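The chain contents come next:
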Amino acid sequence: MATKHEQILDYIETLAVGEKISVRRIAKELQVSEGTAYRAIKEAENKRLVSTIERVGTIRIERKKKENIERLTYAEIVKVVDGQVLGGRAGLHKSLNKFVIGAMQLEDMMRYTEAGNLLIVGNRYKAHEYALQAGAAVLVTGGFDASEQVKKLADELELPVISTSYDTFTVATMINRAIYDQLIKKEILLIEDILIPLENTHFLHVKDPIRRYNELNNETTHGGFPVVDSNGRLVGIVTSRDVIGAADTETIDKVMTKDPITVSLQTSVAAAGHRMIWEGIDLLPITDDHHNLMGIISRQDVLKAIQTAQRQPQQGETIDDIIKSQLNLVQEDELSLEFRVTPQMTNAYGSLSYGAYTMVLTEAAATALKTKNRKDSVLENITVYFLKPVQLDAALLIRPTILDISRKSAKVDVEVLYEQQVIGKAMLTFQLLDR
């Protein structure tokens, strides 16, 4: 039976997109406390089912598919630009497909403005009206207001008119940054992208005999299975090591490992992979907030996903991507890499920041390992010596040396030189991933 929390989330999903909801309304309709309703609405916001906007309230929004995550809703635009909704609140859940900057004559502006657009413009009242009639929302910059006629039209057409105190250039930059951040989020592989769903997952019940484990093992050749109770909640995991020497009639709950390590659908694949490597486990159950089993992932699934992701073209650059792009191979026999310090990598004093410095050292060491044994690696430990500050525009020579390498781990020494002087050193330990 679903908990009150789950019932509220299910109820929110049934509401029409654009409908306004409140803690008081949920509490009254579902006969729960306001505290329970508040917590459920917060979780719904995290799951992108609703959006809470100042001076507007909480509205049901369309749950966007991952492949369309870069398309922002007007509700998200309000948050990005710290805006105020002047009219058309019923359309805040809609997504925009393009934004147009109104820095031209009115007729030319309208040639570029279409349905689903967002026109960014100052106090040009005719432009506001024409944009709404064309099916576009309006973002009024400079803190200006809109006419009463435009506000009324916005309500009728359910197209938002938003006001912000920022100027047009700043607003365009902020929206571009928001879209860019969404692209980076889109690239991050999550467990929900690779899990084996519950309907395709083989699992056991606590009171199943070990005979049932042996049957599943023969059917699937899998060595481990999650164990659930009568309500479908995860209570353990059982592997071939657990059943050695046990009688066929003994129940699973007597031999299983209780309270196994789990992750959620929103855990990144990289984080799950690291956890599996550190803990030495090959099977990871996926659960929701109430510990219901939702599926599983295997170590092979994780490694394959990480390796595939590394070969994909980037759409949004992270700081790590910028740093990697500056590392260039200059000598292969005695591995050496060249690196130039750009403004984005410096601290307030104009020196290479500690974070960027650490990333350079890590990437250089990982490159050395890949060149040597063609294996992917995960950093386990790093000791860094900052001998001298590294200035902006400095061209560094980085020399990684593999000190020790085994089947599962490696130690790498990295030396950083500037104008033939050693200015930094590091010792790094890596876990090696089997392909």
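In this report, we go over the structure that sits alongside the text. Only a predicted model underlies this, so the values are computations on that prediction, with no experimental measurement involved.

**Observations concerning the packing of helix α6 (residues 125–133) against helix α7 (residues 148–157)**
Part 1: Where α6 meets α7, the closest approach of the two axes is 10 Å, and the angle between their N-to-C directions is 15°. As the angle between them shows, α6 and α7 are arranged roughly parallel. Between α6 and α7 lies a crossing whose hand is left-handed. Packed against α6, whose contacting residues are Tyr125, His128, Glu129, Leu132 and Gln133, the element α7 presents Gln149, Val150, Leu153, Ala154 and Leu157 at the interface.
Part 2: Within the contact of α6 with α7, the residues separate by chemical class into 6 nonpolar, 3 polar and 1 charged.

**What to know about the sheet that holds strand β16 (residues 327–331)**
Part 1: Sheet architecture is open: 6 strands sit in the order β16-β17-β19-β20-β21-β18, paired in antiparallel fashion. The sheet is open, and its two edges are formed by β16 and β18 (376–386), each paired on a single side. On average, each strand axis in the sheet is inclined to that of its neighbour by 30°, with strand direction left out of account.
Part 2: Bridging between strand β17 (residues 336–340) and strand β19 (residues 395–405) involves 4 bridges; their strand directions are antiparallel. Across the sheet, Arg340 pairs through a bridge with Ala395, a residue of β19.

**Things to note about the pattern of salt bridges**
Part 1: Enumeration over the complete set of coordinates arrives at 13 salt bridges.
Part 2: The shortest N-O distance in the salt bridge between Arg25 and Glu29 comes to 3.3 Å. On the criterion of helical spacing, the pair formed by Arg25 and Glu29 is a turn pair, its members being 4 residues apart in helix α2 (residues 23–30).
Part 3: Using a relative accessible area of 45% as the deciding quantity, one classes Glu29 as partly exposed.
Part 4: With a closest N to O distance of 3.2 Å, Asp145 and Lys151 form a salt bridge.
Part 5: Under the relative-accessibility criterion, Lys151 is labelled buried at 15%.
Part 6: A single network of salt bridges, built from pairs that share partners, joins Glu19, Arg25 and Glu29.

Here is what the cut-offs are and how they apply
- Residues numbered from 1 in each chain as written.
- Predicted model: local features only at pLDDT ≥ 70, side-chain atom pairs only at ≥ 80, totals over all residues.
- Heavy atoms only, no water.
- Axes fitted to C-alpha atoms, helices over the stretch in contact; angles between N-to-C directions.
- Helix = DSSP H or I, 4+ residues; strand = E, 2+ residues; numbered from the N terminus.
- Parallel < 35°, antiparallel > 145°, perpendicular 65-115°, else oblique.
- Left-handed = near helix turned anticlockwise from the far one by under 90°.
- Contact = heavy atoms within 4.5 Å.
- Nonpolar A, V, L, I, M, F, W, Y, C, P; charged D, E, K, R; others polar.
- Pairing = 2+ DSSP bridges.
- Salt bridge = Lys/Arg side-chain N within 4 Å of Asp/Glu carboxyl O.
- Buried < 20%, exposed > 50% of the residue type's maximum accessible area, 1.4 Å probe, protein only.

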